[in-house]
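Given next are the chains, with one letter for each unit.
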Amino acid sequence: MAVKDLQLPPLLHSRSSSQFESNDDNNRGLQRHIANKMSRAKLIKTKEKEKSYFSSEPAEVTFQKPRQIRNYGSLAKPRFLEQLECLLKRELEVLDNTQDSKVQELRLQVDHLKEDLATQYQLYRDERDARKLLITRISTMQSTQDAEHDDNNEEDESEDPVVVKMALQVCREDLTKAQIELNRLQAEYSDVVPRRDWDNLNHLHEETLMKLETLQTDFNQVKSEYDTLLEVHQKSAPTTQQHGSDSQHIATTPRPNWEQCSDILGGTERCKELFEGQSSQKRLEILMKEINSQNQFFTGLGTSSDVPIYLRYEGKLKNLKLKKADVIKVIKEIWRNKMADNEKNDDPRDLQTFLHSYLVEQYKDKAGEWAYSLMESVQNNLKDDLICLFNDVLTGKVDESIYHGQTQLLSHLLKVLIQSDITQCGSLTVSEFSEALRKAFPLKSDQDIEELLAAAQTELESSGVRISYQTLYTEDTDGQHKEFLSLVKKQATAERLQYISELRAQLEGKGEVDAEQLWVAFKTIDPSLEPENLEWNLSVAFQTKESELQAQALEKEVVLQRLSVAHVKRAGPKG
């Protein structure tokens, strides 16, 4: 209680005269009591670092409530008491006004000290609880060890048979419940597919749909190209027939076409050698002699491992005497089926194995006759580009990718020409045709484009403003491409060899080459080469799969030889 809040007890009147006479004595005693209290008002208690001290500054003052004087009756308050009250109130107001800030600071210090004391007390309680918990844990461990020691020393008491029987009965009931639940789950979820299997099947289904869409797109493109070629063939067939009839009318005396005998005589060159400077009668005699001298049967080479698989036959095999046109037709059919087989299998078979399977499937028991007859006709017509390439791939001289690369090249060119033909009339102007060639072959020089344009005009025997590109894709009577497409393939071969020459120059001075060095060389001469094509080039060079490339080193010439006989081409301009 503050001093300013102190209220003095009122004076009461006494009912007796003796009490009234003793008021003066009481007043004097009260004055002394109040004076003593005022002298002790400056004593304050503060807690700072748990110490008590006296301060001369004003502080909170507490008084003991004076003992109540029980008087009967009341008297007027003495004047000196009123003066004393006024004086005390003024002093208390002055003290409160002047020392309020210091009191607040002291109170803040007291509050902080209380908080510190509470924190220390909480830490003390935590430490005490932890100590008790540790003592309890140690006691428990000791009792457990003692119990285990006692259990080991005592003999095992036999279990109660009644308890065991009840436990067995409960286990059987649980087993019955579990079996019922298992049967219910099997009945309800027997036809449910696991989520993992469903995700795999769904993913496989999506991949199959994507492949189907891709195949459908390719089929539509091939069908469009086929329709275009068929239309060109239908347009050119009447012209050919008319040209043939006109020639028959112009010729006064029919002459035999001795070039048709080239298949029988072993090729065009040998036919020219035999017939050169000879009369018709003499040529007929030579032809009859050659026919009679030819063997009617082949002798099988046997079934040893050094004989190609498609020629592993024994005994006599009939010579079918295939013509060149028949050979070309069979070779095209073989390539068509080979491409389909490559798409089906991730690891495609080589041409020898596929040829054996194809002949057995198509000709059954006569597969051997067709194999030997086909090989003889191929050897007699090696000057033909298609037949020569087939023989080189079959004997391993060149990689199969050469044929596929040429097919893709001609197909890509035809596609660009069709896209450039806005009017869809089957022909382009010279400028449009030249622009289409530059679009199809962006890496070719101006000189190569001019050569192709000149070859197209020469083949069509037209110097006009339009070029019938559909006619350029027609074949001759032997199924061969004409001058323009032959020049396209010839330029592609030259570009491939030039590319290998640049690679050889990049590897100059190295006796052996590993995969990393070859990778760097390819990226140096052809920065635009994509990683997939680059890995395929490395797999061809090191005769291994793309995923099995190792840090093995091969001779540089071996690597370059393998790349030169594969479809390795430049992807972008030189760096």
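Counting starts from 1 at the beginning of each chain's written sequence and moves along it residue by residue. Under the rules for a predicted model, residues below a pLDDT of 70 receive no local features and side-chain atom pairs below 80 are neither given nor counted, while totals for whole chains, interfaces and linings still include all residues. The basis for every side-chain value is the complete set of heavy atoms in the structure, and neither hydrogens nor water enter the calculation.

Asker: I'd like to hear about helix α16 (residues 446-460), residue by residue, with values.
Answerer: Working definition: helices are DSSP H or I runs of at least four residues, strands are E runs of at least two. Numbering for both runs from the N terminus. Here, expected helix span is obtained from the residue count minus one, scaled by 1.5 Å. Here α16 contains 15 residues, and its C-alpha end-to-end distance of 21 Å stays within 8% of the 21 Å for a straight helix at 1.5 Å per residue. Each residue is placed in one exposure class: buried if its accessible area under a 1.4 Å probe, protein chains only, is under 20% of its type's maximum, exposed if it is over 50%, and partly exposed if it falls in between. For α16, the complete set of buried residues consists of Asp448, Ile449, Leu452, Leu453, Ala455, Ala456 and Glu459. Considered in projection along α16, the buried side chains sweep an arc of 160° and stay on one side of the axis. The secondary structure elements touched by the buried residues of α16 are α15 (430-440), β4 (466-467), α17 (469-472) and α18 (483-506). Where α16 terminates, the next one or two residues include Glu461, which has phi positive at roughly 50°. Arc, as used here, means the arc of the directions from the helix axis to the C-beta atoms. Contact criterion: two residues are considered in contact whenever any of their non-hydrogen atoms come within 4.5 Å of each other.

Asker: Now, about helix α13 (residues 385-395): what can you tell me, with residues and values included?
Answerer: In terms of burial, α13 is largely enclosed, as 8 of its 11 residues are buried. Those residues of α13 not exposed but buried are Leu386, Ile387, Leu389, Phe390, Asn391, Asp392, Val393 and Leu394. Summarising the contacts, the buried residues of α13 are in contact with α10 (324-344), α11 (351-363), α12 (367-380) and α14 (401-420). Positioned one or two residues after α13, Gly396 has a phi angle of 85°, which is positive.

Asker: I'd like a description of the environment of Tyr499, backed by residues and values.
Answerer: Assignment of secondary structure puts Tyr499 in helix α18. Among the residues examined, Tyr499 registers a relative accessible area of 2% and is labelled buried. Separated by 64 residues in the primary sequence, Tyr499 and Leu563 place their C-alpha atoms 9.9 Å from one another. With residues near it in sequence (within four places) discarded, Tyr499 still touches Phe522, Ile525, Asp526, Leu529, Val568, Lys569 and Arg570. A polar side-chain atom of Tyr499 sits 3.2 Å from a polar atom in the side chain of Asp526. We define a polar contact as two N or O atoms separated by no more than 3.5 Å, with the added condition that, inside protein, one atom must be a possible hydrogen donor and the other a possible acceptor, whereas residues neighbouring each other in sequence contribute only through side-chain atom pairs.

Asker: Describe in detail the packing of aromatic side chains, supporting the description with residues and values.
Answerer: Aromatic rings from Phe, Tyr and Trp, with only the six-membered ring used for Trp, were paired whenever their centres fell within 6.5 Å, and each pair was classed as stacked if the ring planes differed by under 30 degrees, edge-to-face if by over 60, and tilted otherwise. In total, this model carries 8 aromatic pairs according to the counting rule given. Aromatic pair Tyr121 and Tyr124: ring centres 6.3 Å apart, planes at 35°, arrangement tilted. With Tyr121 and Tyr124 both in helix α4 (residues 100-153) and 3 residues apart, the pair spans about one turn of that helix. Its relative accessible area of 48% is what places Tyr121 among the partly exposed residues. Ring centres of Trp335 and Tyr403 lie 4.0 Å apart, and the angle between their planes is 15°; this geometry places the pair in the stacked category. Of the two residues, Trp335 sits in helix α10 while Tyr403 sits in helix α14, which places them 68 residues apart along the sequence.

Asker: Provide a residue-level description of the confidence of the model for the protein chain, including the pertinent values.
Answerer: What pLDDT reports is the predictor's confidence in each residue, on a scale of 0 through 100. Summary statistics for the protein chain give a mean pLDDT of 77 and a share of 74% for residues scoring 70 or more. Below a pLDDT of 50 lies the segment residues 1-24, which in the model reaches 41 contacts outside its immediate sequence neighbourhood of four places, other chains included. Contacts of residues 37-75 to residues separated by more than four positions or lying in other chains number 58 contacts, the stretch itself having pLDDT below 50.

Asker: Just give me the short version of unusual backbone geometry, but keep the residues and values in it.
Answerer: Residues other than glycine seldom take positive phi values, yet Gln424 does so here, at roughly 55°. Within the secondary structure layout, Gln424 lies in the loop between α14 and β3 (428-429). Even without a glycine there, the phi angle at Gln543 is positive, about 55°. Mapping Gln543 onto the fold places it in the loop between α20 (531-542) and β6 (553-555). Residue classification places Gln543 among the exposed positions, given a relative accessible area of 55%.

Asker: Explain a nonpolar patch on the surface to me, using residue names and the numbers behind them.
Answerer: The grouping of Leu185, Tyr189 and Val192 at the surface amounts to a nonpolar patch, some 280 Å² of accessible area in total. Since its relative accessible area comes to 48%, Val192 is described here as partly exposed. Think of a patch as exposed residues, more than 30% relative accessible area, with no salt bridge, where like charges cluster within 9 Å and nonpolar side chains (Val, Leu, Ile, Met, Phe, Trp, Tyr) cluster within 5 Å. Accessible areas in this description were obtained via Shrake-Rupley with a 1.4 Å probe; residue shielding takes into account the shown protein chains only. The salt bridge definition used is simple: a Lys or Arg side-chain nitrogen within 4 Å of an Asp or Glu carboxyl oxygen.

Asker: Can you explain the nonpolar core? Please cite residues and give values.
Answerer: Within the largest apolar cluster, 33 residues are counted, with the highest numbers of intra-cluster contacts made by Ile331, Ile334, Leu355, Leu374, Met375, Val378 and Phe390. Secondary structure elements with two or more residues in this core: α10, α11, α12, α13 and α14. Apart from residues lying up to four places away in sequence, Ile331 is in contact with Val378, Leu386, Ile387 and Phe390. The next biggest cluster of nonpolar side chains, apart from the first, holds 25 residues, and it includes Leu437, Tyr469, Leu472 and Val488. Residues belong to one nonpolar core when they are buried, are Ala, Val, Leu, Ile, Met, Phe, Trp, Tyr or Cys, and are joined through side-chain atoms within 4.5 Å.

Asker: Could you give an account of the pattern of salt bridges, with specific residues and numbers?
Answerer: Using the criterion set out here, one finds 13 salt bridges in the structure. Across the salt bridge formed by Asp384 and Lys324, the nearest N and O atoms sit 3.6 Å from each other. Of this pair, Asp384 sits in the loop between α12 and α13 while Lys324 is found in helix α10, placing the two residues 60 residues apart along the sequence. Taking the relative accessible area as the measure of exposure, Asp384 reaches 6% and is therefore buried.

Asker: I'd like to hear about the environment of Thr477, residue by residue, with values.
Answerer: Tracing the chain through its elements places Thr477 in the loop between α17 and α18. Among the residues examined, Thr477 registers a relative accessible area of 77% and is labelled exposed.

Asker: Can you explain the packing of helix α19 (residues 515-525) against α20? Please cite residues and give values.
Answerer: Relative to each other, α19 and α20 sit at 130°, their axes nearing to 10 Å. With respect to α20, the axis of α19 lies oblique. The interaxial crossing formed by α19 with α20 has right-handed handedness. Contacts between α19 and α20 involve Ala515, Leu518, Trp519, Phe522 and Lys523 from the former and Leu534, Glu535, Asn537, Leu538, Ala541 and Phe542 from the latter. Each residue receives one of three labels: charged for Asp, Glu, Lys and Arg, nonpolar for Ala, Val, Leu, Ile, Met, Phe, Trp, Tyr, Cys and Pro, and polar for the others, Gly being one of them. Each residue belonging to the contact of α19 with α20 can be placed in one class, and the counts come to 8 nonpolar, 1 polar and 2 charged. Angles here are taken between N-to-C directions and fall from 0 to 180 degrees, while the axes themselves are lines fitted to C-alpha atoms, restricted in helices to the stretch in contact. Reported orientations rely on four angle classes, namely roughly parallel under 35 degrees, roughly antiparallel over 145, roughly perpendicular from 65 to 115, and oblique for the rest. A crossing counts as left-handed when the near helix is turned anticlockwise from the far one by less than a right angle, and as right-handed when that turn is clockwise.

Asker: Any details on the packing of α11 against α12? Residues and values, ideally.
Answerer: When two helices pack together, their arrangement is captured by the angle between the axes and the distance separating the axes. Two numbers describe how α11 lies on α12: the axes approach to 8 Å, and their chain directions differ by 125°. Comparing the axis directions of α11 and α12 gives the class oblique. When the axes of α11 and α12 are compared, the crossing they make is right-handed. On the side of α11, the interface is formed by Leu355, Leu359, Val360 and Tyr363, while α12 contributes Ala367, Trp370, Ala371, Leu374 and Met375. A per-class count over the contact of α11 with α12 returns 9 nonpolar, no polar and no charged.

Asker: Now, about the side chain of Asn342: what can you tell me, with residues and values included?
Answerer: Positionally, Asn342 belongs in helix α10. Reaching out from Asn342, the side chain makes a polar contact with the side chain of Glu400 at a distance of 3.0 Å. In this view, Asn342 contacts Pro348, Arg349, Glu400 and His404; residues no more than four positions away in its chain are not counted.

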